[in-house]
Protein chains: 2
Amino acid sequence: MSNVLAIDIGGTHFRMGLFDSEGHRLLLSEGRTESSGGREWMLSELRKRADALIARSDQHVQSCGISFGGPVDYGRQRVNSMHVSGWQSFRLAQWIEDNFSLRCQVDNDANAGALGEFRYGAGRSTESMLYLTISTGIGGGIVCGGRVHRGKDSMAGELGHIQVSDSGTLCSCGARGCLETVASGTAIELRARGFARRKPEVMARTIELAGGNPDQITAELVFRAAGEGEKGAQFIVREAARALAMALLTAIRILNPDAIILGGGVALSGPVLLDPVHEYLRERSASMLEHSTRVVQAELGNYSPLYGATALALELV
Amino acid sequence: MSNVLAIDIGGTHFRMGLFDSEGHRLLLSEGRTESSGGREWMLSELRKRADALIARSDQHVQSCGISFGGPVDYGRQRVNSMHVSGWQSFRLAQWIEDNFSLRCQVDNDANAGALGEFRYGAGRSTESMLYLTISTGIGGGIVCGGRVHRGKDSMAGELGHIQVSDSGTLCSCGARGCLETVASGTAIELRARGFARRKPEVMARTIELAGGNPDQITAELVFRAAGEGEKGAQFIVREAARALAMALLTAIRILNPDAIILGGGVALSGPVLLDPVHEYLRERSASMLEHSTRVVQAELGNYSPLYGATALALELV
C-alpha cells in the first residue's frame, strides 16, 4: 500500500493532503493564498508543506495530482495565470517531478472537482455527470462514459459563458449576457451593492450585515439576508437562481447526465439558492421532454477539487 | 466476410441497404414513407424489400441495425410514435428478430446520424462530436470518448429544445423560445408564409416559386429565393442562422467537441444558411475562450442515419 500527494491551488485558499489508494485522507495541510506573492510564494509554500507531509508519513508516496484554479492546457500540462503573477505557461507537473521526484498530473479546478465528486462524492456510480463550481466565477467539468471529457481545447464545461439573456451585461470573456454575469459570486455582489445604493430601504438588513457600508456587501451576506427573509436580497438571489436554472436546463437538453452537482461557495450557500433553482427547473421543464437528471449539492464541499487531485494522482499509480 | 442489413425509417422517406463489414454499401432500396399507412404499411414494405435484398446477395447476412425517426428508448429497444399510428412502445428490434432471425439494434435517427458520420463521414478520427439534424424538426446526437452518449433518459443531444430567446414562440414541447421554433424547416416555412402574407412585396420571388400561393411556400423555396438574393427570404434565413449559431456556441461551451456536423434537409441546403451561421459564430466568439471546434456539413448527406444503422448492426457482429 502506498499513498499519493494531492494539491489544490485556488485563488483564495490552497489545500494539500496525503491520501491512500482508496482515496481516504490521511493528512491535511491548508491555508490562505497570498495572491500578491505570486508563483514564487505559492511554490515555496508548497515545497515546505509537501516536505512536512511526506516526512510525517512512514509510507512511500507514489505520485502527485494537482487541481489548479486557472486555465490548464491538459495535453501539454501547462497552467496559466489566474490573475496572479508568474504562472504564465508554467510547467507545474514538471516542477513537481523536478523537486519531489514524483510523477504528476495537473488539471483545472472544475475538471478536478468533477473527478473528485465522480469518484468519491455525489457522482459515485453515475455514468455521466456535470460538476459546476459557482464562486467568484463559474466553471464546470464533465464526466462522460466514466471519464473526464475535456474537449478539443480543454474548454468543455464552460457553462459560465453560455448566454442566458438576449442582451445582458458585458462579461469578462468579451461576450454579453453570460451566466457568469448574473449568477457568480462577483455578479451577485455587484448587483447587491448597486441595488443597496439605489434602494437602501429594501436592502436594510444586507447593509446592516455589511457594517452599514454598501461597498462591503459580499455574496455571502446577500445569502444570509435572503435567508432571513429580506425582499431585496431575495430578489437578487432569485435572479441568479433563474439564470442558473436556465443554464442547467440547457445542459440537461444537451447532455442529459445522470447528475448535475453544484459546488463552490455560492452553490454551497444551500437552500436559499437551490430551492428557487429547483422551483424554476420544475416550472420550465417541458412535459414532452421529461428527464430524471438529479441536481444536487457537492458532497465533498470545498474539497471536491482536492479529492479530484487525488484521483489524478492515482491514475498514475 | 459477411454483410449486415441497415434500415432508416423516416417520416418522409425510408431507406434500406446491405453493407459489408467495412461499411461499404452493396445494395440499396428506398422509397417515400406513406404515413397514412401507419406501422402496418411500413412493416410490410420492410419485409418485402428486406427479403428481396437478402435474396439478391449470395453472402450471409449477420445482423440488422435500424435508425428510427422518432423517440427510441434505447435501453429497452422500444420505438414510439412519430405522429404515425401503430408505433406506440413497439419492440421493433424484436420484430426483426422474429421475422428475419437476425439480431437487431434500434436507435433514433439523430443518434444514428451521429454514429454514421462518426464512423464513415465528417466525424472520422474525432474523439468527440455533435451531429445535428435540421429538417422539419431539430434533433441531435453526441459522440464522446468514441462512443454515442445517449444520456440518462435517452435524451442527450436535444438541441432543438434549448432556449435561444428570452420570450419567443410556444414550442411543441411546451416551452418557449426553443431553437426549433426559429431554425427548423417547419419554423422557416411558417415564418415565410406569414411574412409573405403581410409583406408580399419583399417576398415576391418566394411567392412566385410557390406558384403564387403563400400557403405553398416551403423552407426549400425560401432557401432558393434567398440564394437568388431576395431580401425578405434572406431576412428569414438569417434569423434562423443567428439562432442556430447561438445554440452551436452554447454546445461548444459545454462540449467543446472536435466537430459539429450539420445534416438534415435544412442544413444540407448549403451556403445560403451555413455562411451566415459561420459569420455569427465568428462575431459572437469570445477572444478569451477561443476554440477550434469545426462546424461542417454532413458528408453522407441524407444517408448519415443509414450508415449509422450499419454501424449499429456491425456492433452486434
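What you are looking at is a predicted structure, and each value in this text was computed from that prediction instead of being measured. Every chain is numbered on its own, with residues counted from 1 as its sequence reads. Chain labels run from A onward and ligand labels from 1 onward, assigned in the order the entries are written. Note on the predicted model: pLDDT of at least 70 is required for a residue's local features to be given, and 80 or more for side-chain atom pairs to be given and counted; whole-chain, interface and lining totals, by contrast, use all residues.

### Things to note about the sheet that holds strand 10 (residues 147–149) of chain B
Residue and element names in this part refer to chain B.
Then comes step 1: On the basis of which strands lie adjacent, the open sheet formed by five strands has the order 10-9-8-11-12 and mixed pairing. Only two strands of the sheet have a single neighbouring strand rather than two, namely strand 10 and strand 12 (294–297). Between one strand and the next, the sheet's axes are offset by a mean angle of 25 degrees, whatever the strand orientation.
Then comes step 2: Pairing between strands is defined by DSSP: at least two bridges between them are needed. The secondary structure listing takes helices from DSSP runs of H or I that are at least 4 residues long and strands from runs of E that are at least 2 residues long, numbered from the N terminus. Bridge count for strand 11 (residues 259–263) against strand 12 is four bridges, and the pairing is parallel. Within the sheet, the bridge partner assigned to I260 lies in strand 12 and is V295. The axes are straight lines fitted to the C-alpha atoms, using for helices just the contacting stretch, and the angles between their N-to-C directions are given from 0 to 180°.

### Considerations on the packing of helix 7 (residues 219–227) of chain A against helix 8 (residues 231–255) of chain A
All names here are of chain A.
Then comes step 1: Where helix 7 meets helix 8, the closest approach of the two axes is 8 Å, and the angle between their N-to-C directions is 115 degrees. Seen from above, helix 7 lies across helix 8 with left-handed handedness. Contacts from V222, F223, A225 and A226 in helix 7 reach A233, Q234, I236 and V237 in helix 8.
Then comes step 2: Side-chain classes are defined by residue name, with Ala, Val, Leu, Ile, Met, Phe, Trp, Tyr, Cys and Pro counting as nonpolar, Asp, Glu, Lys and Arg as charged, and the others, Gly among them, as polar. Grouping the constituent residues of the contact of helix 7 with helix 8 by class yields seven nonpolar, one polar and no charged. Left-handed describes a crossing whose near helix is turned anticlockwise from the far helix by less than a right angle; the clockwise case is right-handed. By the criterion used throughout, residues are in contact when their C-beta atoms, derived from the backbone, lie within 7 Å.

### Comments concerning the nonpolar core
Then comes step 1: Nonpolar cores are identified as sets of buried Ala, Val, Leu, Ile, Met, Phe, Trp, Tyr and Cys residues joined via C-beta atoms within 7 Å. Residue burial here comes from a neighbour count, namely the number of other C-beta atoms, placed from the backbone, that lie within 10 Å of the residue's own C-beta, with 20 or more meaning buried, 12 or fewer meaning exposed, and in between meaning partly exposed. Formed by 212 residues in total, the largest nonpolar core has its most connected members in A:L179, A:V222, B:L179 and B:V222.
Then comes step 2: Ignoring sequence-local partners within four residues, the contact set of A:V222 consists of A:I188, A:A192, A:T206, A:I217, A:A233, A:I236 and A:V237.

### So, the interface of chain B and chain A
Then comes step 1: With 39 residues of chain B at the interface, the matching set in chain A holds 39 residues.
Then comes step 2: Of all the elements in the fold, those that place two or more residues in the side of chain B that touches chain A are strand 10 and helix 8 (231–255) of chain B.
Then comes step 3: No other element matches helix 8 of chain B, which puts six residues into the side of chain B that touches chain A.
Then comes step 4: By residue class, the composition of the side of chain B that touches chain A is 15 nonpolar, 16 polar and eight charged.

### Observations concerning the confidence of the model for chain A
Predicted coordinates in regions of low pLDDT should not be interpreted in detail.
Then comes step 1: For every residue, the predictor states its confidence as a pLDDT score lying anywhere from 0 to 100. Looking at chain A as a whole, the pLDDT averages 94, with 99% of positions reaching at least 70.
Then comes step 2: The complex prediction reports pTM at 0.94, with the ipTM value standing at 0.93.

### Details of the sheet that holds strand 8 (residues 129–134) of chain A
Sheet strands pair via backbone hydrogen bonds, and the direction of the pair is either parallel or antiparallel.
All names here are of chain A.
Then comes step 1: Strand order in the open sheet made by the five strands is 10-9-8-11-12, with mixed pairing throughout. The sheet terminates laterally at strand 10 (147–149) and strand 12 (294–297), the two strands that pair on one side only. Within this sheet the neighbouring strands show an average axis-to-axis angle of 25 degrees, counted without direction.
Then comes step 2: For strand 9 (residues 138–144) and strand 10, the ladder comprises three bridges, and the chain directions are antiparallel. Across the sheet, the residue bridging to V143 is V148, located in strand 10.

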